[in-house]
Amino acid sequence: SHRVMYANQWDNMANRQAHIDSTGPEIWRQLKGKVDAFSCAMGTGGTLTGVGSSLRSLSNKKTKIALTDPPGAKLFRYYTEGRLEAVGSSITEGIGQGRITGNMEGFTPDMAFEIQDEDALNALWDVHAHEGLAVGGSSGTNIAG
């Protein structure tokens, strides 16, 4: 018989909590508390909501939190216009959630940006040329944000 474990990373709040407990404080410590803003795209929602919640708490709400998503991502429209609607499309894979996941419930970013494919590609090519890192489209979107 086969056994499968389904973590349900989209609605499992342990995802968000791991970033509240670990990733956010690590960023805060490494930057010695000098964090003006944090942005990233939404996939499961755990990283942005967890890191965002942590950094807001550590900074007394001074750190601004931004969503950076590709065209076609419903969450950009949801947070900017109140409509869970996709407009456009993107070549970027793995981000651009189309629903409010359990990890996203109760969280609102301070701002949201729609990152065009051209900007994401330019960012990933730049980081490859100058830092020697080979990254994908979702990283380009996060860097461009």
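Structure first, text after, so check above.
Residues numbered from 1 in each chain as written. Predicted model: local features only at pLDDT ≥ 70, side-chain atom pairs only at ≥ 80, totals over all residues. Heavy atoms only, no water.

1. A look at the packing of aromatic side chains
Our working definition: Aromatic rings from Phe, Tyr and Trp, taking only the six-membered ring of Trp, are treated as a pair when their centres fall within 6.5 Å; an angle between ring planes under 30 degrees marks them as stacked, one over 60 as edge-to-face, and anything in between as tilted. Any residue under 20% of the maximum accessible area for its type is buried, any over 50% is exposed, and the rest in between are partly exposed; the area is computed with a 1.4 Å probe on protein chains only.
Inspection of the entire model under this criterion finds one aromatic pair. Summarising the aromatic geometry, the rings of Tyr-78 and Tyr-79 are spaced 5.2 Å apart at their centres and angled 75° between planes, so their arrangement reads as edge-to-face. Overall, Tyr-79 belongs to the buried group, its relative accessible area being 18%.

2. Here's the deal with the environment of Gly-43
To be explicit about the condition: Where helices and strands are cited, they refer to DSSP runs of H or I of at least four residues and of E of at least two residues respectively, numbered from the N terminus. Only heavy atoms matter for contacts: two residues are in contact if any of them lie within 4.5 Å across the pair.
Locating Gly-43 in the fold gives a position in the loop between strand 1 (37–40) and helix 2 (46–58). Here Gly-43 falls in the buried class, since its relative accessible area comes to 19%. For the pair Gly-43 and Asp-69, spaced 26 residues apart in the sequence, the C-alpha separation amounts to 9.4 Å. Excluding anything up to four places from it in sequence, Gly-43 contacts Trp-10, Gly-94, Ile-95, Gln-97 and Met-104.

3. Focus: the packing of helix 4 (residues 117–131) against helix 5 (residues 137–144)
As a reminder of what qualifies: Axis lines are fitted to C-alpha atoms, over the contacting stretch for helices. Their N-to-C directions set the angle, which ranges from 0 to 180 degrees. When an angle is under 35 degrees it counts as roughly parallel; over 145 it counts as roughly antiparallel; between 65 and 115 it counts as roughly perpendicular; any other value is oblique. Under the convention adopted here, Pro, Cys and the residues Ala, Val, Leu, Ile, Met, Phe, Trp and Tyr are nonpolar, Asp, Glu, Lys and Arg are charged, and Gly plus all remaining residues are polar.
Across the interface, helix 4 lies against helix 5 with an axial gap of 7 Å and an inter-helix angle of 95°. Here helix 4 lies roughly perpendicular to helix 5, going by the angle between them. Facing Asp-119, Ala-120, Ala-123, Leu-124 and Val-127 of helix 4, the residues of helix 5 in contact are Gly-137, Gly-140, Thr-141, Ile-143 and Ala-144. Residue classes in the contact of helix 4 with helix 5 are distributed as six nonpolar, three polar and one charged.

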